[in-house]
Amino acid sequence: MLSRSAERLYWLARYLERTENIARLVSVTMNLIYDLPRGTEVGWHNLLTICGVEDEFKQRFKNTTEQNITRFLLADLHNPSSLLSSLSYARENIRISRELMPDEAWEFVNELYLYATKNIETISNRQGREVFLQDIIRGCQRFTGFMAGAMSRNDSRRFIVMGRNLERADMTSRIMDFGTVLLSENRNSLLREYEGIVWLNVLKSLSATSMYRKQVRRRIKGEEVLDFLLNNNESPRSVCHCLQKISYKITELPHATGLQLELKTLIEKLTALNLLTTTPQLASINTLPKPGF
Amino acid sequence: MTTNSLWKNYQADKAYDEMMTAHGNARPLCKTLESYLQELGTDSLKNRRTAAEAAILEMGISFTVYSEQGNIDRAWPFDIVPRLIELAEWKKIEAGLKQRLKALNCFINDVYNEQAFIKEGFLPADLIESSGNFRPECIGMNPKFGSWANICGSDLVRDGEGTIYVLEDNLRVPSGVSYMMENRVITKRVFPELLRNLDIIPVDAYPAQLFDMLASLAPHPNVQPQIAVLTPGIYNSAYFEHAFLAQRMGVELVEGFDLVVENDDCVYMRTIKGLEKVDVIYRRIDDLFLDPEVFRKDSALGVKGLMRAWKAGNVALANAPGAGVADDKVIYAYVPKMIQYYLNEEPILPNVPTYLCSDPEQLNYVLTHLAELVVKPANESGGYGMLVGPHASQKELKQFEQLIQDHPRNYIAQPTLALSTCPTLCDDHLEPRHIDLRPFILQGEHSFVTAGGLTRVALRAGSLIVNSSQGGGSKDTWIINTEQ
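Residues numbered from 1 in each chain as written. Chains lettered and ligands numbered in written order. Predicted model: local features only at pLDDT ≥ 70, side-chain atom pairs only at ≥ 80, totals over all residues. Heavy atoms only, no water.

## Comments concerning the overall build of chain A
Okay, step 1: Helix and strand content of chain A: 14 helices and zero strands.
Okay, step 2: Moving toward the C terminus, one meets the helices and strands of chain A in the order α-α-α-α-α-α-α-α-α-α-α-α-α-α.
Okay, step 3: Radius of gyration (C-alpha) of chain A: 20 Å, near the 19 Å computed for a compact globule of 293 residues.
Okay, step 4: Across its three principal axes, chain A shows a C-alpha extent of roughly 60 × 45 × 35 Å.
Okay, step 5: Counting across all 293 residues of chain A, residues that qualify as buried make up 56%.
Okay, step 6: Sequence separation of at least 24 residues holds for 62% of the intrachain contacts in chain A that already meet a minimum separation of 6.
Okay, step 7: Accessible area of chain A: about 13700 Å², with a carbon and sulfur share of 51%. (Helix = DSSP H or I, 4+ residues; strand = E, 2+ residues; numbered from the N terminus. Rg over C-alpha atoms; globule rule 2.2 N^0.38 Å. Buried < 20%, exposed > 50% of the residue type's maximum accessible area, 1.4 Å probe, protein only. Contact = heavy atoms within 4.5 Å. Areas by Shrake-Rupley, 256 points an atom, 1.4 Å probe, with all protein chains shown as cover.)

Have a look at this one:
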């Protein structure tokens, strides 16, 4: 496959995964607000920190209100990582990669884009916003499911899987931050009593609640949730699982040595920080061939 | 609203109407369609149109328009009422088109080699030398099967008497075939019941035929030749089609910078595995942009050294560079003669009578009859720079008089044909609109003609300009087998 096409597919996957993740992030924040006692300082502004777009936001809006922040994160085309921007980049990438994809792949993304542009105004109230976000998440999942069932396991797909998992690991780490930042900012308040609810919602945002409960049959505790999201190799959104997926795909590609080394360095860093506990699957990454092998 | 209002005031007496006679009765071939539309009625038909428009958006069928506001991706304009042709008539047209392309290819090969047609006095030599599409760089080349124009889109029109004429042959980078196929997909969604009750010839054989034709051009016998579609990129008005054809053929879609010609004069593409050799290129870039080494130095679309590789016989280019020499409205006038000369046959499809302004006598006729004629520049495409005499203002007539006198070689004139019409859904009723037809003809080792082609329709009442860039639309074309 053309090198240029590989780059497009990698970014297509990242942008689509980002679209889904922003939807999840905003949705979970709303859910959390309903659960917490009135007067709790649950900051919509935390979302800006997590997405790393505080400066961009300040250039566009004055006040960190729910309205402004959700609009900026979902609908603002001046924000390059907003949901609508991500989705339209994804659409542009797949539009020019149609010859590499199963027949309907382009239509799925195009339809989702048309839906989003047509209904974007419904996000101005919470009820409409929730419906919109769920539809976006479903649309992304539909695409992922279709690709799983229709796309050959070729190099094109390897780049897609790599892009998706890189973006996914990135967002899982950001969502973990969300819980941590929220709780550390409100140590003095009654929010601590609600700690369990915060972590429950973090799991919810990753569709991981039931799977977590099956695994950890105890009251939800922050430390265990973090460990689950980092190290549970059976959970497809855990950082560990995503890295392993990337590692497998890399080894199937030609000229992979450079990337393998990058990944190895990354894993070593995470391990040194005590974030990743070594698992057998990850150990295999650590024994990758040396350059020139 | 009553169903009758669908046909209210339908006047089919100004030109040959493809569906109705001048007396307002449906032609035998179109009876099923006419009564179906009647039964459906205005409201349902409008609903189906809405469904078709939604399908076009979802399928992302678009074309790019250049404007002062930048490039806009526009939804493909489509009229849901199909245009019907009987298989028996089509068979004759198909034979005529194959015959024509064969003769054209003989001619192009002759032009770049012996020039017998010219030496024997059938064509003045200066018409070739002055042609904007003649490429001296191609002299002496012999593409496989003597086939220079491998993909041709010929425009057909039907006049008031019902006779089909060839209006022009597009031998450079003709487009529209993807829309022909997508139109059928939309029609299947919109009129499923109708398609079941008629014996309509399918149109989706084209990509496989194109693939086989391209594969047959590979310079060296190879089990699986590497084929690529070379596009100018996403800003080209036909980008949709380039991607569509690459996808349907399962070949790479490449841009100039994806390709490189190495010191061995072979073409390679840059892949994730390294450089991979390319055997056949279906290029959708004009000659002059193909290779900055030979043609325009400033071309960022082409590939340096591509002509070198082609001349060395290491890569096949379709259409071959220089094939456009026969895609010239002056040369067009000589096609019937070519058919007699090269094939020793009589032309099956007639040419539209054409006056060459380069000939003093014919020029004189053109200048004195300008208001009745259609004047076309010899080398333009897309319906630009034309004068439709009967529709033109005094000022436009004066302007063209001057243009023609200044550059007679650049212009031809033809009688204004009353292009046939076809019922077209306008607002909430049907009106006759002028149409043409662009079938696509392939010639490599074998010849192939699409089943029908792309019917283009001038959406403005009375207009004769069918080009999508100038407010034209399209229709699905049904070749119907009436034999049981």
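## Examining the nonpolar core
Okay, step 1: Of all hydrophobic cores here, the largest spans 86 residues; its most connected members are V26, L73, M101, I136 and F143 of chain A.
Okay, step 2: Looking at which element gives the most residues to this core, the answer is helix α1 (residues 3-35) of chain A, with 12 residues.
Okay, step 3: For M101 of chain A, the residues in contact, after removing those within four places along its chain, are L9, L12, I94, F143, M147, M151 and I160 of chain A together with Q247 of chain B.
Okay, step 4: L167, L171, V315 and V374 of chain B belong to the second-largest nonpolar core, a separate cluster that totals 76 residues. (Core = buried A, V, L, I, M, F, W, Y, C linked by side-chain atoms within 4.5 Å.)

## With respect to the sheet that holds strand β9 (residues 267-271) of chain B
Sheet strands pair by backbone hydrogen bonding; their relative direction is either parallel or antiparallel.
Residue and element names in this part refer to chain B.
Okay, step 1: The antiparallel open sheet is built from three strands, whose spatial order is β8-β9-β10. Strands at the two margins of the open sheet, each flanked by one partner only, are β8 (259-261) and β10 (274-277). Adjacent strand axes in the sheet meet at a mean angle of 40°, parallel and antiparallel pairs treated alike.
Okay, step 2: As paired strands, β9 and β10 are joined by four bridges and run antiparallel to one another. Pairing of Y268 across the sheet is with K277, part of β10. (Pairing = 2+ DSSP bridges. Axes fitted to C-alpha atoms, helices over the stretch in contact; angles between N-to-C directions.)

## Notes on the interface of chain A and chain B
Okay, step 1: Taken together, the contact pairs 24 residues of chain A with 25 residues of chain B.
Okay, step 2: Scanning the region where chain A abuts chain B turns up five salt bridges.
Okay, step 3: Residue R8 of chain A is joined to E255 of chain B by a salt bridge in which the shortest nitrogen-to-oxygen separation is 3.6 Å.
Okay, step 4: On inspection of chain A and its partner chain B, the count reaches 10 residue pairs in polar contact (both at pLDDT 80 or more).
Okay, step 5: Among the secondary structure elements, those contributing two or more residues to the side of chain A that touches chain B are α1, α6 (105-119) and α8 (155-185) of chain A.
Okay, step 6: Ranked by residue count, the leading element in the side of chain A that touches chain B is α6 of chain A, at five residues.
Okay, step 7: Each residue belonging to the side of chain A that touches chain B can be placed in one class, and the counts come to 12 nonpolar, three polar and nine charged. (Salt bridge = Lys/Arg side-chain N within 4 Å of Asp/Glu carboxyl O. Polar contact = N/O pair within 3.5 Å; in protein donor to acceptor, adjacent residues only side chain to side chain. Nonpolar A, V, L, I, M, F, W, Y, C, P; charged D, E, K, R; others polar.)

## Focus on the pairing of strand β4 (residues 151-158) of chain B
Regular strands have side chains that alternate between both faces of the sheet.
All names here are of chain B.
Okay, step 1: For β4, the tally of buried residues reaches eight of eight residues, placing the bulk of the element in the interior.
Okay, step 2: The side-chain alternation of β4 yields two buried faces, one formed by I151, G153, D155 and V157 and the other by C152, S154, L156 and R158.
Okay, step 3: Relative to strand β5 (residues 164-170), β4 runs antiparallel, the two being bridged by six bridges. Counted as the bridge partner of R158 is I164 from β5.

## A short note on empty space enclosed by the protein
In this approach a probe as big as a water molecule rolls over the atoms, and the regions it shows empty are the leftover space.
Okay, step 1: For the coordinates displayed, the defined rule picks out two cavities of 30 Å³ or more.
Okay, step 2: Taken as a whole, the largest cavity holds about 90 Å³ of empty space.
Okay, step 3: Along the walls of the largest cavity sit A13, L16, E17, E20, C140, F143, T144, I160 and R164 of chain A, which together make up its complete lining.
Okay, step 4: Put simply, the parts of the chain that give the lining of the largest cavity at least two residues each are α1, α7 (126-150) and α8 of chain A.
Okay, step 5: In terms of residues, the lining of the largest cavity owes the most to one element, α1 of chain A, which gives four residues.
Okay, step 6: Empty space within the second largest cavity amounts to approximately 50 Å³.
Okay, step 7: Going through the elements one at a time, β5 and α11 (329-332) of chain B are the ones with two or more residues in the lining of the second largest cavity.
Okay, step 8: For the lining of the second largest cavity, the residue count by class is two nonpolar, no polar and five charged. (1 Å grid on protein atoms, 1.4 Å probe; cavity = no way out; pocket = protein on both sides within 12 Å on 5 of 7 lines; lining within 4 Å. Points joined across faces, edges and corners; volume = space filled by probe spheres on them.)

## Let's talk about the confidence of the model for chain A
Okay, step 1: Overall, the predicted model of chain A reaches an average pLDDT of 86, with 91% of residues at or above 70.
Okay, step 2: This model gives residues 285-293 of chain A a pLDDT under 50, and the stretch forms 16 contacts once residues within four places in sequence are excluded. (pLDDT = per-residue confidence, 0-100.)

## Section: the state of the cysteines
Residue and element names in this part refer to chain B.
Okay, step 1: In this structure the tally under the stated criterion is zero disulfides over all chains.
Okay, step 2: The cysteine C152 is free of any disulfide, with C106 supplying the nearest cysteine sulfur at 14 Å.
Okay, step 3: Overall, the relative accessible area of 1% leaves C152 in the buried class.
Okay, step 4: Among the cysteines around C426, which has no disulfide bond, C422 carries the closest sulfur, lying 11 Å off. (Disulfide = S-S within 2.5 Å.)

## Here's the deal with helix α9 (residues 195-205) of chain A
Okay, step 1: Three or more residues of α9 of chain A are buried, namely V198, W199, N201, V202, L203 and S205 of chain A.
Okay, step 2: Of the residues one or two after α9 of chain A, S207 of chain A is the one with positive phi, at around 55°.

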